[in-house]
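# Fold and geometry: a report
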Amino acid sequence: MSSRTLPLLFINLGGEMLYILDQRLRAQNIPADKAKKVMNDIITTMFNKKFLEELFKPQELYSKKALRTVFDRLAHASIMRLNQASMDKLYDLMTMAFKYQVLLCPRPKDILLVSFNHMDAIKDFVKDTPSILGQVDETYQQLIEMYTPMCSGEFQLIRQTLLIFFQDMHIRVSIFLKDKVQNSNGRFVLPISGPVPHGTQVPGLIRMFSCTGEEVNRLKFTNGGNYAAATREGSFEIFGDRVTKLGTNMYSVSRPVETHMSGASKNSAQNAKVNAAPNPLAKEELNLLAKLMGRLEDPNPANTESGFRVNLFATDEEEEEALISRPDELSYGVIKIQATKDLQANAELAKIMGEFTVSGDQSPSASSKGDDLLAMMDGL
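Residues numbered from 1 in each chain as written. Predicted model: local features only at pLDDT ≥ 70, side-chain atom pairs only at ≥ 80, totals over all residues. Heavy atoms only, no water.

### Considerations on the pattern of salt bridges
In plain terms, the rule: A carboxyl oxygen of Asp or Glu within 4 Å of a side-chain nitrogen of Lys or Arg is what we treat as a salt bridge. Helix and strand definitions follow DSSP, with helices as H or I runs of at least four residues and strands as E runs of at least two, each counted in order from the N terminus. For every residue, the accessible area obtained with a 1.4 Å probe (protein chains only) is divided by the maximum for its type, and the residue is called buried under 20%, exposed over 50%, and partly exposed between those limits.
Applying the stated criterion across every chain yields a total of 13 salt bridges. Note that Arg26 and Asp22 form a salt bridge whose closest N and O atoms lie 3.1 Å from each other. Separated by four residues within a single helix, Arg26 and Asp22 lie in helix α1 (residues 6-27), roughly one turn from each other. The residue Arg107 makes a salt bridge to Glu233 at a minimum N-O spacing of 3.0 Å. Placement of the pair is Arg107 in the loop between α5 (84-104) and α6 (110-125) and Glu233 in the loop between β6 (227-228) and β7 (259-261), with a sequence separation of 126 residues. Given a relative accessible area of 16%, Arg107 falls into the buried group. On the basis of relative accessible area, Glu233 is assigned to the partly exposed category, the value being 34%. A cluster of three or more residues bridged by salt bridges with shared partners is formed by Arg68, Asp72 and Asp88.

### A word on the packing of aromatic side chains
Which entries qualify depends on this criterion: Any pair of Phe, Tyr and Trp rings, taking the six-membered ring for Trp, is counted once the centres come within 6.5 Å. Such a pair is stacked with planes under 30 degrees apart, edge-to-face with planes over 60 apart, and tilted for the rest. Note on criteria: charge over ring means Lys NZ or Arg CZ within 6 Å of the ring centre, with the direction from the centre no more than 35 degrees off the ring normal.
Considering all chains together, one arrives at nine aromatic pairs under this definition. Between the aromatic rings of Phe71 and Tyr91, the centroid separation amounts to 6.3 Å while the plane-to-plane angle is 50 degrees, which identifies the pairing as tilted. Linking Phe71 in helix α4 (residues 64-75) with Tyr91 in helix α5, this pair joins segments that are 20 residues apart in sequence. Residue Phe71 is classed as buried on the basis of its relative accessible area, which comes to 0%. Aromatic ring contacts, followed pair by pair, group Phe10, Phe51, Phe71 and Tyr91 into a single cluster. Of note, Lys109 hangs over the ring of Phe236, and the distance from its end group to the ring centre comes to 4.6 Å.

### Section: helix α7 (residues 130-147)
Selection criterion: What a helix should span is 1.5 Å times the count of its residues minus one. Contacts were defined at the residue level, with two residues in contact if any of their heavy atoms lie within 4.5 Å.
Its 18 residues place the ends of α7 25 Å apart at the C-alpha level, agreeing with the 26 Å of an ideal helix rising 1.5 Å per residue. Each element contacted by the buried residues of α7 is listed here: α1, α2 (32-46), α3 (49-55), α6 and α8 (152-166).

Listed below in structure tokens is the structure:
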């Protein structure tokens, strides 16, 4: 398993989350100041310096539940609120979008170009806020320094690690189903045509060489697809043309989006508790998560009059029904972690916790007072 996979997974999933939220905040006519606050607060939290310092240390991937806990925290880093079913749906869209991008990468190294597309978009979200833009630029530089020197084999290991992480996730998404890139069982359909990876030739020719390296014969064969040579390689600099569209915003055009559990995924979820062996590293993993994030419990709960609730369903009733029908194993409740019993005994951790908290109102269970944002995805 690659120890350098976690930052890329975090940044790409975070980028997809921001795409979804930005599109729906615009579509539902949320006041510009509130929408901007949501985006700025989430990005500020996402690119917290001390959090990213820990994230960039060589380490294995978090479990699915631990990673989901991180994004629960991020999604509630501002005045926006989601209940359990809506957060499930948001996370489903994030993970399936990035899984599809990883599958489509012509070369393993192109995963970095996908990450840069997400980073370019995040920079655009905060282009008018220099302090946050500085945080993003610093992370951008870290990505370039860490990943651009890597060889193809290291990127192949990262790609395999990501695909292993996503292999049991088969959530059907309406956009993918309508474009016929996803089957009814939630599995993706990969194309057999299009541009070949940069640096490779269009298949269809076998060349034979002598022991001296001289070409002695050529054979042509039917490749079974409609391939084309890659025009040019995407830029791995902080500014440049990435060439690939993977990692850009697929929600820029208004389209209805639904997510559904496939039958195979339901059966897998129902058997998860029976088949899963106890994880001896679970306690250590949660302890690390606590150190990264301070406490998930809100130390300074505030009133929620200025907040608003985001609903990814058409109605509150539909949201409640989805919450009831969703398998328990896939409903990732926010894990309550007490980072330390005595904050005064660990001043450094308390400081990290304070820096990671963006706004006073952080509780995911906040009430829906204020403006209700209905039909977040169904109204697309």
